[in-house]
Amino acid sequence: MATDSTGHSPPSKAEPKVTVPGIMAAKGTKKLTMLTAYDYSTALWVDRAGVDMILVGDSLAMVMLGHEDTLSVTMEEMLHHTRAVARGTRRALVIGDMPFLSYQVSVEQAVENAGRFLKEGRAQAVKLEGGAAVLKQVEAIVAAGIPVQGHLGLTPQSIAMLGGFKVQGKGEEAAKKLVDDAVALAQAGCFSLVLEAIPATVAQRITQTVPIPTIGIGAGAACDGQVLVVHDLVGLFDRFVPRFVKQYDQLGRRLYEAVCRYRQEVESGAFPGPEHTFGPPVQ
Ligand code: KIV
């Protein structure tokens, strides 16, 4: 198999599109990868690297738009970014993250907004947060032919109820509630389930109990797959770095250094040089 300059084997051009049945069939056979992306260029690179699912996460409120939390991002903003990601993605399954209050108010509104992610955003699935409270929404969205990914544990849209970005599912009662919610979401028709910031033993219990793939973020290695926010993975967002993040690069630092070099060279007259200039040099 051909490898790129890093020794990795990118997917060939002919590799078929990742599908929802394909994701479901991967449980127990292959570890799944998911990453966020919010724009065309990042989606291109993430897709080329062979990641299975690209989530246009509502985390874009924080890492792209500079909000304190995920609550204020709108449907229009989410759709704008989803369209860009869809244009940059050939192979991965694109999942649009339903923003706060786009599905909680009514089942009808949930179906309508989920549909907009497919129709206007060109995503292939949606994700929404919550357990028992959103089962009716999940059932109705799935009945409309729209694949749904669930999200349990630390659900940032409920930050006011949770009292902060804290590990969830500690203690037997809380763990059992998570397992029950996971089973209910699978029965309601979710094709996969994000588990965020919960003890690894609880994530393992859920993974062994539900028939759908679990995708962990701060939920340990027993999950069927892993997801990270791409800005965390490449070191582009340093307001805070959660314990579960592994930074594979320091792109923020490298961007800063490149910009500093550019500024110095413009100020010193070293840039632009003759090789960047049209026509004879100016005297
Ligand atoms: O919005 C997001 O990026 C997410 C992931 C952390 C799963 O929901």
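Nothing here was measured: the structure is a model prediction, and the numbers come from that model.

S.K.: How should I be thinking about the environment of G150 in this particular structure?
M.R.: Tracing the sequence through the fold places G150 in strand β5 (residues 148–153). For the pair G150 and A86, spaced 64 residues apart in the sequence, the C-alpha separation amounts to 21 Å. Those residues in contact with G150 that sit more than four places away from it in its chain are K127, L128, L185, C190, S192, L193 and V194.

S.K.: I would appreciate a short explanation of the site of the ligand in the present structure.
M.R.: Taken together, T36, L55, G57, D58, S59, D97, K127, H151, V194, I217 and V229 make up the full set of residues near the ligand. At a separation of 3.0 Å, an oxygen atom of the ligand approaches a polar side-chain atom of D58. In the environment of the ligand, an oxygen atom lies 3.2 Å from a nitrogen or oxygen atom belonging to the side chain of D97. Bound to the protein, the ligand loses 96% of the 260 Å² it would expose on its own. For the ligand, the cavity whose grid points lie within 2 Å of the majority of its atoms is the second largest pocket. Here the residues of the shell around the ligand are counted per class, giving 4 nonpolar, 4 polar and 3 charged.

S.K.: Is there a simple way to think about helix α2 (residues 40–48) in this case?
M.R.: Within an α-helix, residues lying three or four positions from one another point in the same direction, as the helix has 3.6 residues per turn. If you check which residues of α2 are buried, you get A43, V46 and D47. The buried side chains of α2 occupy one side of the element, clustering within an arc of 95° when seen end-on. Considering only its buried residues, α2 is in contact with β1 (32–36), β2 (53–56), α4 (75–88) and α10 (230–233). With a side-chain oxygen lying 3.2 Å from the backbone nitrogen of S41, the N-terminal cap of α2 falls on D39.

S.K.: Explain the pattern of salt bridges here, please?
M.R.: Side chains carrying opposite charge are able to pair once their charged atoms draw close together. In this structure the tally under the stated criterion is 13 salt bridges. Across the pair R116 and E76 runs a salt bridge, and its minimum N-O distance is 3.0 Å. One end of the pair, R116, is in helix α5 (residues 107–119); the other, E76, is in helix α4, and 40 residues separate them in sequence. Residue classification places E76 among the partly exposed positions, given a relative accessible area of 49%. Here R253 makes a salt bridge to E257, at a shortest N to O gap of 3.8 Å. A residue pair is termed a helical-turn pair when its members lie 3 or 4 positions apart in one helix, as R253 and E257 do in helix α11 (residues 251–268) at 4 residues. Residue R253 is classed as partly exposed on the basis of its relative accessible area, which comes to 47%. Here the salt bridges share partners, and the residues they tie into one network are E15, K30, D52 and R91.

Criteria and cut-off values
- Residues numbered from 1 in each chain as written.
- Predicted model: local features only at pLDDT ≥ 70, side-chain atom pairs only at ≥ 80, totals over all residues.
- Heavy atoms only, no water.
- Helix = DSSP H or I, 4+ residues; strand = E, 2+ residues; numbered from the N terminus.
- Contact = heavy atoms within 4.5 Å.
- Near = heavy atom within 4 Å.
- Polar contact = N/O pair within 3.5 Å; in protein donor to acceptor, adjacent residues only side chain to side chain.
- Areas by Shrake-Rupley, 256 points an atom, 1.4 Å probe, with all protein chains shown as cover.
- 1 Å grid on protein atoms, 1.4 Å probe; cavity = no way out; pocket = protein on both sides within 12 Å on 5 of 7 lines; lining within 4 Å.
- Sits in = over half its atoms within 2 Å of the grid points.
- Nonpolar A, V, L, I, M, F, W, Y, C, P; charged D, E, K, R; others polar.
- Buried < 20%, exposed > 50% of the residue type's maximum accessible area, 1.4 Å probe, protein only.
- Arc of directions from axis to C-beta.
- Salt bridge = Lys/Arg side-chain N within 4 Å of Asp/Glu carboxyl O.

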